[in-house]
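Residue-level listing of the chains:
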Amino acid sequence: MAVGEVVERLLDLGNVLNDLVTDGLLTQQDANAIAGSQRNREQSLLHPLAYIAGQRPENRADPGKQLSIESLTQWLAGRAGLDVAHIDPLKIDVTSVTAVMSFQFARRHNILCIDAGGDELMIATSQPFMTSWLEDLKQTTRKPIRRVVANPVDIAKYTLEFYSLAKSVFGAKGIAGTNKAGVANFEQLLQIGSLKDPDAQDQHIINIVDWLLQYAFDQRASDIHLEPRREKGKIRFRIDGVLHQVYELPDAVMTAVTSRLKILGRMNVAEKRRPQDGRVKTVTPEGNEVELRLSTLPTAFGEKLVMRIFDPDVLLRGFQELGLCGDDLKRWHEMTGRPHGIVLVTGPTGSGKTTTLYSTLKELATEDVNVSTIEDPIEMVEDSFNQSQVQPKIEFSFAAGIRTLMRQDPDIVMVGEIRDLETAEMAVQAALTGHLVLSTLHTNDAPTAITRLLDLGVPAHLIKVTLNGVMAQRLVRTLCPHCKEAVPVTGAEWDSLVTPWKVKSPQQLYRPVGCLECRNTGYLGRQGIYEILPVTETIQPLITADTDTTALRLQAMKEGMRTLRLSGAQKVGAGTTSVEEVLRVAPASGK
């Protein structure tokens, strides 16, 4: 079979192995071993590329590397003279692509429409030498068709998921607003990951919710937003700190999905006028336990629901993995290692404050200390802490919680957030009576945490004697290690990050490129950048009733504090992130 030659032929294992040997990707010995290893019917039903990749043979054209499903797909596309397409579910309009052809037609021909928005249809195939379907589809759609080759595993997976979802949404229109959304279901542990065949009888709303959660876990989302609009509701995921639109649901279906999630979170389904909070504990298809924190908000077009996803494994992450290392880690350990005092972590919502506090408490919670927390809500349950949740309805506030904890013989107290003077005063009293108190504040940088305490009404002399230090933080997306590209340093680019300080520029910087591993974003995962301000003997005299934050910042920098931008510059120089990413998240006031 010559490259580019189109022959009506179904791929089978024997022919594919022969072609791989001909093209120098496999030895004849490896091909014979793979062919002889296929013993049962289940294996024979796999696509040849999927089966070969599963045997993990060495790629003879690229010694030291294995023939992966991606490299085999690339090879097959070259053989067929077609382009390769990566199916990114976040960028596909499921409603439009599933309307192009039926599920039976797609599954029978191993094809899937992945773009129906332009003048032509883009059809992904895992059988590029089978084209009998082409004319039929042209006649029914009256559009030109562009064929591409895609990973056969992805085609099979997303054909099932997309059509299951489309069928459930269509079916849900007829039952939305009724009690069929699982009103009687109050299970504490939600089982997901069992998408059904689109032709099977299913409970549509439950299927949509299962798909939504499973999809979010697959895409590494940290938050799920369900946002009602005038006629349709939007579903968006926050991935690595950036929101991505995922799907649109009819308004009635969106309401039913929201109700289903409220039931799972043990919230009042009938109450739609007031904000509510809830939580759901579930298990991913891989068997990992995950907790979801639910929050509703009444809006002009209905209830907006946000689910924050908490992976308990985050408690096991070391400071190195969080991006806190070197001198910054030494200062943090010095502040949190004292037997008493207050340590504050500041930053906006979603900047990683909770993760930092939990990781720190996990390290401090040894057998010979009593660690107690008062939170709103408890975001992650951990065996080594004594955790309590505020209950405003019964007047159990942060301040009341600290007051009670003082009678529980604690060594270390974590307060979810200092929001008012009463809470701040109780934290100060706890510190004065020999306890270590960790808490959070919402400020832009570390020095302004002191002015925030002053604004709440805490006297300056008490701040001086109780505050161990403050750490401000942000999360920056880290460059994808598989595709980041080195570029020469331009003075203007580096200066935009470190001006007005004279910081020597590195030899080279790295920029995001984009590949399959990072969904063409150029970034994969996140790390923290930190600004740590220990309250030393030279800082204390600067804390007055009318504290000058500029003078405070300059003195702290003389003693080794790096601002958020300079901390980011350090990670840029190390090739961890990009200049643009640091400028996006680090405030200019922190320069």
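Going by the annotation in an unreviewed UniProt entry, the name recorded for the protein chain is GspE/PulE family protein, with Porticoccus litoralis given as the source organism. Looking at the protein chain in UniProt, the text filed under Sequence similarities (unreviewed entry) is "Belongs to the GSP E family."

Student: An account of the pairing of strand β13 (residues 371-375) is needed here, citing residue identities and associated values.
Tutor: Most of β13 sits inside the fold, with five of its five residues counted as buried. In β13, alternate side chains face the same way, and those of Val371, Thr373 and Glu375 on one face and Ser372 and Ile374 on the other are all buried. Relative to strand β15 (residues 412-415), β13 runs parallel, the two sharing four bridges. Directly across from Ile374, in β15, lies its bridge partner Val415. Sheet topology note: the β13/strand β14 (residues 386-389) ladder contains four bridges and is parallel. Looking at β14, one finds that Glu375 is bridged to Gln389.

Student: Please provide a residue-by-residue account of the packing of helix α15 (residues 398-405) against helix α16 (residues 421-432), values included.
Tutor: The axes of two packed helices give the description: the angle between them and the distance between them. As a packed pair, α15 and α16 sit with axes 8 Å apart at the nearest point and diverge in direction by 20 degrees. By the criterion of interaxial angle, the relationship of α15 to α16 is roughly parallel. Pair α15 / α16 crosses with left-handed handedness. Listed contacts from α16 to Phe398, Ala399, Ile402 and Arg403 of α15 are Glu422, Thr423, Met426, Ala427 and Ala430. Tallied by class, residues from the contact of α15 with α16 come to six nonpolar, one polar and two charged.

Student: Provide a residue-level description of the environment of Thr366, including the pertinent values.
Tutor: Assignment of secondary structure puts Thr366 in the loop between α14 (353-364) and β13. Distance in space between the C-alpha atoms of Thr366 and Phe385 is 9.9 Å, their sequence separation being 19 residues.

Student: Give me the packing of aromatic side chains: which residues, what numbers.
Tutor: One pass over the structure, following the stated rule, counts six aromatic pairs. Centroid distance Tyr158 to Phe162: 5.5 Å. Interplanar angle 25 degrees. Geometry classified as stacked. On the criterion of helical spacing, the pair formed by Tyr158 and Phe162 is a turn pair, its members being four residues apart in helix α9 (residues 152-172). Each ring, one from Trp211 and one from Tyr247, has its centre 5.9 Å from the other, and the planes form 65 degrees; the classification is edge-to-face. With Trp211 in helix α10 (residues 204-218) and Tyr247 in strand β8 (residues 242-250), this residue pair connects regions lying 36 residues apart in the sequence. Three or more aromatic residues link up through ring pairs in this structure, and these residues are Trp211, Tyr215, Phe237 and Tyr247. Directly above the ring of Tyr523 sits Arg477, whose terminal nitrogen or CZ lies 4.2 Å from the centroid.

Student: Mind laying out the side chain of Arg477, listing which residues take part and the relevant values?
Tutor: With respect to the helices and strands, the residue Arg477 is situated in strand β17 (residues 467-479). Filtering out sequence-adjacent residues up to four positions away, Arg477 remains in contact with Asp240, Val242, Tyr523, Gly525, Arg526, Thr577, Glu581 and Arg584.

Student: Tell me about the sheet that holds strand β20 (residues 523-534), and please be specific about residues and values.
Tutor: Strand order in the open sheet formed by seven strands is β14-β13-β15-β16-β12-β17-β20, with mixed pairing between adjacent strands. For this open sheet the edge positions go to β14 and β20, each flanked by a neighbour on one side alone. Here the average twist between neighbouring strands, direction ignored, is 20 degrees. Sheet topology note: the β15/strand β16 (residues 436-441) ladder contains four bridges and is parallel. In the sheet register, Met414 faces β16, and the bridge partner there is Leu438. Strand contacts of α14: β12 (341-346), β13, β14, β15, β16, β17 and β20, with the helix running at about 170 degrees to β16, the strand carrying the most contacts. Those strands touched by helix α21 (residues 564-573) are β17 and β20, and its axis lies near 135 degrees from that of β20.

Student: Give me the lowdown on the pattern of salt bridges, citing residues and values where you can.
Tutor: Side-chain pairing between opposite charges can occur once the charged atoms of the two side chains come close. Within this structure, the stated rule accounts for 27 salt bridges. The partner of Glu135 in a salt bridge is Lys138, and the shortest N-O contact between them spans 3.9 Å. Linking Glu135 with Lys138, this pair stays in helix α8 (residues 132-141), spanning three residues, or about one helical turn. Residue class for Glu135 comes out partly exposed when judged on its relative accessible area of 47%. A salt bridge links Arg220 to Asp240; its shortest N-O distance comes to 3.2 Å.

Student: Let's hear about the UniProt feature "domain: Bacterial type II secretion system protein E" (unreviewed entry) in the protein chain: which residues, and what values?
Tutor: When the UniProt feature table is mapped to this numbering, "domain: Bacterial type II secretion system protein E" (unreviewed entry) covers residues 406-420. Structurally, residues 406-420 comprises 0% helix and 27% strand, and the distance from its first C-alpha atom to its last is 19 Å.

Student: Describe the nonpolar core, and please don't skip the residues or the numbers.
Tutor: Counting residues in each nonpolar core, the largest one holds 65 residues, and the members touching the most others are Met101, Leu226, Phe237, Leu261 and Met307. Counting residues per element, this core draws most heavily on α10, which supplies nine residues. In contact with Met101, not counting residues within four places along its chain, are Ala106, Ile111, Cys113, Ile123, Leu137 and Tyr163. Counting residues in hydrophobic clusters, the runner-up holds 54 residues, among them Ala399, Val415, Leu456 and Leu509.

Student: Which residues make up the sheet that holds strand β1 (residues 83-84), and what values do they have?
Tutor: The four strands are arranged β1-β4-β3-β2 in an open sheet whose pairing can be described as mixed. Among the strands making up the open sheet, the edge pair consists of β1 and β2 (111-115). By the bridge criterion, two bridges tie β1 to strand β4 (residues 145-149) in an arrangement that is parallel. Its bridge partner lying in β4, Val84 is registered against Val149. Here α8 sits on the sheet in contact with β2, β3 (121-125) and β4, set at roughly 140 degrees to β4.

Student: Account for the confidence of the model for the protein chain, with residues named and values stated.
Tutor: Considering every residue of the protein chain, the mean pLDDT works out to 87; 91% of them sit at 70 or more. Mean pLDDT across the secondary structure elements of the protein chain bottoms out at strand β5 (residues 189-191), with 59, and peaks at β12, with 97. For residues 1-6, every residue scores under 50 in pLDDT, and the model assigns this stretch 16 contacts once sequence neighbours within four places are set aside. Counting contacts from residues 177-188, a segment whose pLDDT is below 50, to residues more than four positions away or on other chains yields 17 contacts.

Student: Requested: an account of the pairing of β3, with residues and values cited.
Tutor: Among the five residues that make up β3, five are buried, leaving the element largely enclosed by the rest of the structure. Across the two faces of β3 the burial is the same, with Leu121, Ile123 and Thr125 and Met122 and Ala124 all buried. Taken together, the four bridges between β2 and β3 define a ladder with antiparallel strand orientation. What sits directly across from Ile111, in β3, is Thr125. Hairpin connection between β2 and β3: a loop of five residues separates the two successive antiparallel strands. Bridging between β3 and β4 involves five bridges; their strand directions are parallel. Across the sheet, Ala124 pairs through a bridge with Val148, a residue of β4. You can see the chain leave β3, run along α8 and come back into β4, and the turn it takes is right-handed.

Procedures and definitions
Residues numbered from 1 in each chain as written. Predicted model: local features only at pLDDT ≥ 70, side-chain atom pairs only at ≥ 80, totals over all residues. Heavy atoms only, no water. UniProt positions renumbered as here; feature names shortened; annotations may be inferred. Buried < 20%, exposed > 50% of the residue type's maximum accessible area, 1.4 Å probe, protein only. Helix = DSSP H or I, 4+ residues; strand = E, 2+ residues; numbered from the N terminus. Pairing = 2+ DSSP bridges. Axes fitted to C-alpha atoms, helices over the stretch in contact; angles between N-to-C directions. Parallel < 35°, antiparallel > 145°, perpendicular 65-115°, else oblique. Left-handed = near helix turned anticlockwise from the far one by under 90°. Contact = heavy atoms within 4.5 Å. Nonpolar A, V, L, I, M, F, W, Y, C, P; charged D, E, K, R; others polar. Phe/Tyr/Trp six-rings, centres within 6.5 Å; stacked < 30°, edge-to-face > 60°. Lys NZ or Arg CZ within 6 Å of the ring centre and 35° of its normal. Salt bridge = Lys/Arg side-chain N within 4 Å of Asp/Glu carboxyl O. Core = buried A, V, L, I, M, F, W, Y, C linked by side-chain atoms within 4.5 Å. pLDDT = per-residue confidence, 0-100. Right-handed = clockwise from strand over helix to strand, strands pointing away.

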